[in-house]
Amino acid sequence: MQARRWLQRGLALAASVPLIAACEFSGPQSALDPAGPVAQAQKDLFLWTFWLSLPVMIGVFGALIYALWRFRAKDAKGAAEVPHQTHGNLRLELAWTIIPVILVVLVAVPTVRTIFATEQRVTPGPDDVVVHATGYQWWFKFEYTGLGFTTANELIIPVGQRVVMSLDSADVLHSFWVPNLAGKRDMIPNQDNQIWFVADRPGTYFGQCAELCLGAHAYMRFRVIAMERPDYDGWVAAFQGAADARPAAVDPLVERGKALAAQKGCVGCHVIEGFHPTVRVGNPDFPDLTNFGLRTTVGAAIADNTPENLAAWLRDPQSMKPGNTMPTLWTAADPNREDEIEAIAAYLLSLGRDPATTAQAIVGGAHGGQ
Amino acid sequence: MAVSKVTIPAPTSGVFTRPTSETGILSWLTTVDHKRLGLLYIFTSFLFMGAASVEAFLIRLQLAAPGNTLLSPDVYNQMFTMHGVTMVFLAIMPLGIGFANYFVPLQIGARDLAFPRLNAFGYWVYAAGGLFLYTSFFLGSPPDVGWVAYAPLTSLSNNPGNGTDFYMIGLLVGGIGTLVTAMNLIVTIVSMRAPGMTMMRVPVFTWMMLVTSFLIIFAFPPLTIALFQVIMDRTFGTLFYVPAAGGMPILWQHLFWIFGHPEVYIIVLPAFGVISEVIPAFSRKPLFGYPVVILSGIFIGFMGFAVWSHHMFTTGLGPVVNTAFALTSFVIGIPTGIKVFNWLGTIWGGRVRFTTSMLYAIAFLITFVMGGITGIMLAVPPFDAQSHDTYFVVAHFHYVMGGGALLAFFAGLYYWFPKMSGRLMDERIGKAAFWFLVPGLHLIFFPQHIAGLMGMPRRTQTYVAGIGLELPNLLSTAGTFVMLVGLVLLLVNILHGIARGKPAGDDPWDARTLEWSTSSPPPHHDFDRQPVVNDRDAHWVQKYPESVHGERVPASASEPYDRAGIHLPGQSIYPFFMAMSLLVFSYGLLFHNFWVVGLSVALIFFFTYAWALEGVGGHHLQAGGGHGPSDGEEARA
């Protein structure tokens, strides 16, 4: 009876090991929580080497501890003994040369297979989502080359379709990394790098620059939001209509915010498609704010895109993301500061939003996974 | 046989007389004695290790919780850059070289290194390079681009401060010292071995230093070229690494890692050597599979040049290149595994004494095996794509560099301290320190594997809350406090040992190699009689001939030096002056003051001639009854 209880406990414990491995390490930025085949293959290889090395470790450490215990000098007399002075053993040497060779082969075969399965350069087909990504200090630009629009710090993709990205950098090295979807690939000036991946399930996946780029490097984050195809199509449509001049806003606050966006110089840097019926505003080397209302984060995935966070960002960008290049547009003494911030925030949040819906409703379906 | 000291007058051919002070500051500035220089290396590397520990401590405090604001991003970048540069170039590598300085001549029965003044020069250049790097805290800004300093982050437009110049010039100049020391060691080991010491009788530590020295000679030139290119870019406006002008930043990574990976073995092979001395001594058995261990070391050193791109798996080199470098990296796992098995085989059948030194050797084995296994994982390019530049890599290389190399050197410190000081370190304090230091080390670095897998990139001064990074980081920071206690106790033990340690005697561990056959500390001339070697483990065979030879009586272990006796070279101030001229050169280049550069070049020329033209100096030591007056100073018989 007692023995059976212990057996049950032992089995429960043994069963919990893979459970721990599967559950405890999940998360929106975890390499052990794959949401697509590329990350899955990478995790599988990790687990393969892990389980392969575990018996090796146990064997070596076990032998070490056993040898230390068995051959310990038990007292001063033992410590003065001269044991047999063995110099070596050819058969043993051969054996422990062959063991690592076998282990290495066991690792190498699936490794090479996975390299060619996940790292081959691909030519995008008609079903692929093609994106040109550029790293800047300290944000990511995503150009949907086939669709003709650009976003910043947020990559919206359809579930189940291959995303093929060409990677570039505008200044120093950066690295594009979304652990749930695929391992990183560096963004290098003058070098045409490519990465591709597929998201198997809808969700929000965290990405982060993984190559030191100084300044606000730690805050150089982005999100990949995988949506079901219809949601994605809706999101694309919102962009494709964005270039058309928008009808005059009905909300006077939004109207004032738009005027301030010009007056305070926002559109001197930031592109907002449809800002002006004939003149294209902004500079493509700064984060594109077209349809900013659809964005889920502010400041390169530093904070959720709420009116409060957006206002905080506009008030003092340095406190939210130290080192970034966004100017502080108001002095603390400026009596109009809060009014103007509220107006600009209202304007920015209105971009891309159908008055009948809200940004959260549009991307809301994508949050189901997390 | 008494040895008396006979001073011969400096030859008149010398233009300058050589200093002769035996005590005081001047004696240390002018010393050419490999033992004194070894001690200087070890002392200096501990100083720099202290600085690097402070930096590491600040890094961990900053990362204790997400959103911490103890360090600004800029200061944080400086801290991890200086920590890495210091540990690699100013602490661990010189610690190995310091042990080599002290013990290679003793292990091969030589009187000194082949070029004593060059040896002094090597040390002073290292010290000057380290000093130069650390003055960056006062004369501008410390480097902040990581110890790998990837282009184009280092270009003038991306990094206008002088921190990068401190890095580039400091490493360039410091590398000169490392290079000459490596050449010196090679010449010494190849040509100054005691009679009878064939290459296959050379102690393993010395063997590994020979391999290491060759690695230094082949690895530093690519680094020098890369450093030179960046210095040219930043000082004279060349365009090697300026992308806007068509520069290819990836070139820096290739050149850096063609140096950088062998550098890993430059650090770790001496550590393997130390372990291969400590484990046999405390198991009272010869190293199991000596030729295999040596060959494995050579093979590792050779393959070290064929794996550099495994640091660049994510740079888009393509599947074929990644496959090739993955396979070569796996291959390195084989000789490393063989070494571990041979150390196990050495323990097997021995009489193991658990001294502090042996405890560190055991901790090395365990930690290094774990670091080796994560190393194999990282050599898998698809997994590396996830773990590269994350805390998984940070954990891995601290397991092999900190847990591996450093623990091995601590084993070496406890092992050789009695020889260097003539006194024993306290075993009780030593073991207490060990039980803080090693568990602390694992508490710091083990959770970092998990942080990395959970998506924490390295070189970031903060991390996002709520994605599972808080606990591993908190544990890691807690570990620094535990390890700190261990380090402080270690320091206390060193000071205690120097001041009040019990007399060690010549051979406190009943050890195996030649350095234990002379007194502790060894006399200035190392050996009173010329050791003659008939076997591997020469000293052991003298003590226990029957354990190796059965009934056969071995040949004599020493003979008197020949009629000329031992020439102890004169001291010289010029190595120090040369190094200081290089320091002046460095500051001139850094501040773009070409008058100062010109002046330093003139000084270097002058001191080169002074070096060449100072007389032979020094004195001869001869067996009693030799010609010349004896000053009566009796050395050990």
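1. Observations regarding the overall build of chain A
Counting its secondary structure elements, chain A contains 11 helices and 12 strands. The buried share among the 370 residues of chain A stands at 43%.

2. Points about helix H9 (residues 319–347) of chain B
Look at H9 of chain B: 43 Å from first C-alpha to last across 29 residues, which is about the 42 Å you get at 1.5 Å a residue. Gly 349 of chain B sits one or two residues past H9 of chain B and shows a positive phi near 85°.

3. What about the sheet that holds strand S1 (residues 129–136) of chain A?
Pairing between sheet strands relies on hydrogen bonds along the backbone, with the strands arranged either parallel or antiparallel. All names here are of chain A. If you walk across this open sheet you meet the five strands as S3-S2-S1-S5-S8, and the pairing is mixed. In the strand order of this sheet, the two ends are held by strand S3 (149–152) and strand S8 (193–198), each with one partner. Strand-to-strand twist across the sheet, computed as the mean angle between neighbouring axes with direction ignored, equals 25°. Across seven bridges, the pairing between S1 and strand S5 (residues 162–169) is parallel. Bridged to Thr 134 within S5 is Asp 168.

4. Focus: the interface of chain B and chain A
Contacts between the two partners involve 74 residues from chain B, matched on the other side by 77 residues from chain A. Sorting the residues of the side of chain B that touches chain A by element identifies helix H3 (73–108), helix H8 (290–303), H9, helix H10 (356–378), helix H11 (381–387) and helix H16 (545–549) of chain B as the ones contributing at least two each. If you tally residues by element for the side of chain B that touches chain A, the top one is H9 of chain B, at 15 residues. Within the side of chain B that touches chain A, the residues separate by chemical class into 42 nonpolar, 25 polar and seven charged.

5. Here's the deal with unusual backbone geometry
All names here are of chain B. With an omega dihedral of 0°, the bond running from Ala 151 to Pro 152 counts as a cis peptide bond. A cis amide bond, omega -10°, links Ser 520 with the succeeding residue Pro 521. Its location among the elements puts Pro 521 in the loop between helix H14 (470–500) and strand S2 (530–531). Of note in the backbone geometry, Arg 284 takes a positive phi value of approximately 60° without being a glycine. Position of Arg 284 among the secondary structure elements: in the loop between helix H7 (250–283) and H8. Even without being glycine, Asp 526 reaches a positive phi, approximately 70°. Residue position: Asp 526 is located in the loop between H14 and S2.

6. Structural notes on the confidence of the model for chain A
Confidence along chain A averages 88 in pLDDT terms, with 88% of residues attaining 70 or more. Contacts for the low-pLDDT stretch residues 356–370 of chain A, under 50 throughout, to residues beyond four places or in other chains number 31 contacts.

7. Thoughts on the sheet that holds strand S4 (residues 154–158) of chain A
Residues and elements named next belong to chain A. If you trace the three strands from one edge of the open sheet to the other, you get S4-S10-S9, paired in mixed fashion. Looking along the sheet, the strands with just one partner apiece sit at the ends: S4 and strand S9 (203–208). Strand-to-strand twist across the sheet, computed as the mean angle between neighbouring axes with direction ignored, equals 20°. Where helix H5 (residues 229–240) meets the sheet, its contacts fall on S4 and strand S10 (221–227), and the angle it forms with S4 comes to roughly 130°.

8. A short note on the environment of Phe 446 of chain B
Positionally, Phe 446 of chain B belongs in helix H13 (residues 427–453). For the pair Phe 446 of chain B and His 398 of chain B, spaced 48 residues apart in sequence, the C-alpha to C-alpha distance is 9.7 Å.

Cut-offs applied
- Counting restarts for each chain, with residues numbered from 1 along the sequence as it is written.
- Written order decides the labels, with chains lettered from A and ligands numbered from 1.
- At least 70 in pLDDT is required for a residue's local features to be given in this predicted model, at least 80 for side-chain atom pairs to be given and counted, and no such filter applies to totals for whole chains, interfaces and linings, which use all residues.
- A helix here means a DSSP run of H or I that spans at least four residues, while a strand means a run of E at least two residues long, and both kinds are numbered starting from the N terminus.
- In this scheme every C-beta is placed from the backbone, and a residue whose C-beta has 20 or more other C-beta atoms within 10 Å is buried, one with 12 or fewer is exposed, and one in between is partly exposed.
- Helix span is expected to be 1.5 Å times the residue number reduced by one.
- Whether two strands pair comes down to DSSP finding at least two bridges between them.
- Axis geometry follows a simple rule: fit a line to the C-alpha atoms, using only the stretch in contact for helices, then measure angles between N-to-C directions, giving values from 0 to 180 degrees.
- The contact criterion used here is simple: two residues whose C-beta atoms, placed from the backbone, lie within 7 Å are in contact.
- Charged residues are taken to be Asp, Glu, Lys and Arg, nonpolar residues to be Ala, Val, Leu, Ile, Met, Phe, Trp, Tyr, Cys and Pro, and polar residues to be all remaining types, Gly included.
- Per-residue confidence from the prediction method is given by pLDDT, with values spanning 0 to 100.

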